[in-house]
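Residue-level listing of the chains:
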Amino acid sequence: MKDQVGGNQKRARFQALCKSLRPDLLRFAFWLSRDRALAEDVVQETMLRAWKAQDSLLDEAAAKPWFLTIIRREYARSFERKRFVTVDVDELIAREEPMLAASEDQDLVELRAALFKLPDEYREPLVLQVLMGFTTAEIARELDLSDAAVLTRLFRARKQLRALCGVDTSLDSQE
Amino acid sequence: MMDCAAYRRAMMADPRDPDAGLREHRESCRDCSLFTEGLLRFETRLERALRVDLPVHADTVAQVVPLRAAAALRARHGPPHRKSWFAMAASVLLAVVVAGGLWLSAAGPSLAADVVTHMEGEPQAWRRTDEPVQSALLQDALRDAHLRLAPAAGIVSYAQSCRFRGHHVPHLVIQTESGPVTVMVLVHEHVRKMVRFDEQGYRGVIVPVARHGSLAVLTRGPETDQQTIDHIAARVQGSLDWTG
C-alpha cells in the first residue's frame, strides 16, 4: 500500500514535470526539425522513453538537458528511418507557413524564415542558448564540442541571421 | 584592455554575457555601447521569434502523461507515425482517457499556473547579476502597458514584452536582496484579492492593482518566504507610475 502511494506520488511528479517542460521541448524539436508533425512525433517518443527511464533522472533540476538529450537521439533516429537526403528550405518554409506567419509582426515572420535557412550546426546551439537558456559549457556538453567551437558557431549563427534579416552588419566583428 | 573587434565577437556569441571585461569595454566605448543596444534589440526579437506558438491540441495533454496507455497502444500497433487514421484514433482515445479524469482531476489552469508555465519559457531571465538591462529595452517592455518604473523598485536586469493570454505584457526581472524576482504586469488580468501560490518550484503572489489589472511577483526555489515576497510585491507596486 505504501509502495503504491509512493509510486503514485512519483508518477504525479513526473507527469507534472513533463507537462511543464513540454512546450519548450516541442519548440526545441520544432526548430531542430523545422517540421511540426515530426517535432510532435519526436516529443511523444521522447516522453515514452523518458517515462521508462525516469529512474535514471536523479535530479529534477537537470531534467531539461536530460530530456533534450533524448529528443536529439529520437530526432536522429527519425532521420535515419526516413533517410532524408536533401532538404528544400523553401519547401519547409512553405509547409510551416501558417505557424511561421502566426504573428502580426512582419519582422518576426522574416526572422523565423531566416532561422529556417540557418545551417543545422548553427541553428541548434543558437536555439539551446536563446530559447532553452543553456550556458556555453552546457551547449558544449550537449553537442560534444569544445567551448570555443560553440562560441564560434554562435557568432556565425548571429552573423548569418543578421545578414539574412537585412541588418547592417558592417559594424559586426569579422572572424 | 579588450579591443572593439574582440568585444563585438564575444557579444555576438553571447549578447547576455555578464563578463566584467566586456562591461568595462562597453562603458568606455560609445560605438560599442551603441552596437550593443542594436544587438540586444535584435536578441529580443530573436527570443520572440523562437518562442513560436505551437497550438495545443486535445491529444497534446494526453501525450504528456498517460504514457502507460500510449505505450500499450504503441506496443500493439507499432510506432506512432503521423497522418494515418490510426494515429488520429489513438490520439482521440488518449484524449478521452484524460478527459475521463484519469489524472487531470484538478481545476482548470489558474492565472497563477499560467504565470508559472510562462516562467518555464524564459529560464535565462533568472540570472543573478548587478548589471541593469539596457534602458531602451526596459522602455520597450513597459510601453505597451503605459507604464514607468521608479528606480526604487531595484535593478531591472531583464525586460521583455511577452505574449501572455493574448496580450503583450511587461515581464521584468528585478534584482532584490533575496535574489532575482520576476514581475509580470498583467493589465488585462483582474483578481479580486491577493492570490499566493507555490507551484512547481515557484513561489509568488498576484496582487490586484486598482484600474490596471494585477501584478504577479514570483521567486524561484524555496529560499524566499512568502512574507518577503509580499513585501517585495508592495515595493514594486509602489514603484509603478501609470502614464495612461
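The notes below deal with the structure included here. (Residues numbered from 1 in each chain as written. Chains lettered and ligands numbered in written order. Predicted model: local features only at pLDDT ≥ 70, side-chain atom pairs only at ≥ 80, totals over all residues.)

### What to know about the overall build of chain A
1) Next: Looking only at helices and strands, chain A features nine helices and zero strands.
2) Next: The linear arrangement of helices and strands in chain A, starting from the amino end, is α-α-α-α-α-α-α-α-α.
3) Next: Within chain A, the fraction of its 175 residues that count as buried is 39%.
4) Next: Sequence separation of 24 or more characterises 60% of the internal contacts of chain A that already satisfy a separation of 6 or more. (Helix = DSSP H or I, 4+ residues; strand = E, 2+ residues; numbered from the N terminus. Buried ≥ 20, exposed ≤ 12 C-beta atoms within 10 Å, placed from the backbone. Contact = placed C-beta atoms within 7 Å.)

### Let's talk about the environment of Leu137 of chain B
Residues and elements named next belong to chain B.
1) Next: If you trace the backbone, Leu137 turns up in helix α8 (residues 135-143).
2) Next: Separated by 24 residues in sequence, Leu137 and Ser161 place their C-alpha atoms 9.1 Å apart.
3) Next: Beyond its immediate sequence surroundings of up to four residues, Leu137 is in contact with Leu40, Thr44 and Ala159.

### Examining unusual backbone geometry
1) Next: The phi dihedral of Arg34 of chain A falls on the positive side, at around 60°, and the residue is not glycine.
2) Next: With respect to the helices and strands, Arg34 of chain A occurs in the loop between α1 (2-33) and α2 (36-52).
3) Next: A positive phi angle is found at His146 of chain B, which is not glycine, with a value near 50°.
4) Next: Residue classification places His146 of chain B among the exposed positions, given that 12 C-beta atoms sit within 10 Å.

### Regarding the sheet that holds strand β2 (residues 155-164) of chain B
Residues and elements named next belong to chain B.
1) Next: The six strands lie next to each other as β2-β3-β4-β7-β6-β5, forming an open sheet whose pairing is antiparallel. Among the strands making up the open sheet, the edge pair consists of β2 and β5 (195-199). Adjacent strand axes in the sheet meet at a mean angle of 20°, parallel and antiparallel pairs treated alike.
2) Next: Pairing between strand β6 (residues 202-208) and strand β7 (residues 214-220): seven bridges, direction antiparallel. If you follow Ile206 over to β7, its bridge partner there is Ala216. (Pairing = 2+ DSSP bridges. Axes fitted to C-alpha atoms, helices over the stretch in contact; angles between N-to-C directions.)

### Comments concerning the nonpolar core
The nonpolar side chains of a soluble globular protein tend to be buried, and buried together.
1) Next: The biggest cluster of nonpolar side chains holds 52 residues, and the ones touching the most others in it are Leu25, Phe28, Ala29, Val43, Ile71 and Val127 of chain A.
2) Next: Every element with two or more residues in this core is listed here: α1, α2, α3 (63-82), α6 (106-117), α7 (120-130) and α9 (147-164) of chain A together with α1 (4-13) and α3 (30-50) of chain B.
3) Next: When residues of this core are assigned to their parent elements, the largest contribution, ten residues, is made by α1 of chain A.
4) Next: Ignoring sequence-local partners within four residues, the contact set of Val127 of chain A consists of Phe28, Trp31 and Met132 of chain A together with Leu50 of chain B.
5) Next: Val181, Val185, Leu215 and Val236 of chain B belong to the second largest nonpolar core, which has 36 residues in total. (Core = buried A, V, L, I, M, F, W, Y, C linked by C-beta atoms within 7 Å.)

### Some remarks on the packing of α1 of chain B against α3 of chain B
Residues and elements named next belong to chain B.
1) Next: Where α1 meets α3, the axes come as close as 11 Å, and the angle between the chain directions of the two elements is 15°. As far as their axial angle goes, α3 and α1 are roughly parallel. Crossing of α1 over α3 shows right-handed handedness. Across from Cys4, Tyr7, Arg8, Met11 and Met12 in α1, the residues of α3 making contact are Asp31, Cys32, Phe35, Thr36 and Leu39.
2) Next: Each residue belonging to the contact of α1 with α3 can be placed in one class, and the counts come to seven nonpolar, one polar and two charged. (Parallel < 35°, antiparallel > 145°, perpendicular 65-115°, else oblique. Left-handed = near helix turned anticlockwise from the far one by under 90°. Nonpolar A, V, L, I, M, F, W, Y, C, P; charged D, E, K, R; others polar.)

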